[in-house]
Amino acid sequence: MSLVRRSNEFDPFSMDLWDPFDYMFRSIVPSSATSDSDTAAFASARIDWKETPEAHVFKADLPGVKKEEVKVEVEDGNVLVISGERSKEKEDKNDKWHRVERSSGKFMRRFRLPENAKVDQVKAGLENGVLTVSVPKAEEKKPEVKAIEISG
């Protein structure tokens, strides 16, 4: 599903469909009842987005995910896409599972970047299970002011 908004007003979450009740609902209803059990819990990786004077910084908790399993892309000129897949642990038929809480599957998050984002200078790193994506900001152009002499 694609959400398109036509507005000059910047809305950082315009492409990030967040449902505050989704987590609560999933904790009550078994994942097999809501969707594919392999992807239900990991489908929406939790990501923080902060803005500093120099950049927009995104941090995602991706424990157990290798950097080869993660993609960071910019599409349509200003949409940051973070996606990947956590592999399912191989099962041996002699194993007896008592509890499975760690999830596996695909995830994808999209964020519409503001106009001042330098998308050609995006940097990403994965360390200790935390993906950090830094999108530098262009310097804010200050309006040129010319004093006009008043006659009379």
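Residues numbered from 1 in each chain as written. Predicted model: local features only at pLDDT ≥ 70, side-chain atom pairs only at ≥ 80, totals over all residues. Heavy atoms only, no water.

Participant: Can you break down the sheet that holds strand 2 (residues 55–61) residue by residue, with the values?
Facilitator: Spatially, 1-2-7-6 is the arrangement adopted by the four strands of the open sheet, whose pairing is antiparallel. Single-partner strands in this sheet number two, and they are strand 1 (47–51) and strand 6 (123–127). Averaged over neighbouring strand pairs, the angle between their axes works out to 15° when direction is ignored. Bridge analysis of strand 2 against strand 7 (residues 130–136) gives seven bridges, and the strand direction is antiparallel. Of the residues in strand 7, the one forming a bridge with Val-57 is Ser-134. (Pairing = 2+ DSSP bridges. Helix = DSSP H or I, 4+ residues; strand = E, 2+ residues; numbered from the N terminus. Axes fitted to C-alpha atoms, helices over the stretch in contact; angles between N-to-C directions.)

Participant: Tell me about the sheet that holds strand 5 (residues 105–112), and please be specific about residues and values.
Facilitator: As summarised here, the arrangement of the three strands in space is 3-4-5, forming an open sheet in which the pairing is antiparallel. Unpaired on one side and paired on the other, strand 3 (70–75) and strand 5 mark the two borders of the sheet. When the angles between neighbouring strand axes are averaged without regard to direction, this sheet yields 15°. Bridge count for strand 3 against strand 4 (residues 79–86) is six bridges, and the pairing is antiparallel. Bridge pairing in strand 4 links Val-72 to Ile-82.

Participant: Account for the pairing of strand 2, naming residues and giving values.
Facilitator: Counted residue by residue, strand 2 has five buried out of seven residues, so it is predominantly covered. Pairing between strand 1 and strand 2: five bridges, direction antiparallel. The residue bridging Lys-50 from the neighbouring strand is Val-57, located in strand 2. In this structure, the hairpin formed by strand 1 and strand 2 is closed by a connection of three residues. (Buried < 20%, exposed > 50% of the residue type's maximum accessible area, 1.4 Å probe, protein only.)

Participant: Could you give me a rundown of the pattern of salt bridges, with the residues and numbers involved?
Facilitator: In the structure shown here, the tally under the stated rule is three salt bridges. For Glu-51, the salt bridge goes to Lys-137, with nearest N and O atoms at 2.6 Å. With Glu-51 in strand 1 and Lys-137 in the segment after strand 7, this pair connects stretches of sequence that are 86 residues apart. The class for Glu-51 is exposed, based on a relative accessible area of 52%. Between Glu-101 and Arg-99 there is a salt bridge; the shortest N-O distance is 2.3 Å. Of the residues examined, Glu-101 reaches a relative accessible area of 60% and is grouped as exposed. (Salt bridge = Lys/Arg side-chain N within 4 Å of Asp/Glu carboxyl O.)

Participant: Can you break down the packing of aromatic side chains residue by residue, with the values?
Facilitator: One pass over the full model with this rule turns up three aromatic pairs. Seen in terms of ring centroids, Phe-58 and Phe-111 are 5.2 Å apart; in terms of plane orientation they differ by 50°. Their pairing is tilted. Here Phe-58, found in strand 2, pairs with Phe-111, found in strand 5; they are 53 residues apart in sequence, far enough to count as distant. For the residue pair Phe-58 and Phe-111, the accessibility class agrees, reading buried in each case. Each member of the aromatic cluster is reached from another via a ring pair, and the members are Trp-49, Phe-58 and Phe-111. (Phe/Tyr/Trp six-rings, centres within 6.5 Å; stacked < 30°, edge-to-face > 60°.)

Participant: Account for the side chain of Ser-83, with residues named and values stated.
Facilitator: Of note, Ser-83 is situated in strand 4. You can call Ser-83 buried: its relative accessible area is 7%. Excluding its chain neighbours within four sequence positions, the residues that come into contact with Ser-83 are Glu-69, Val-70, Lys-71, Phe-107 and Met-108. (Contact = heavy atoms within 4.5 Å.)

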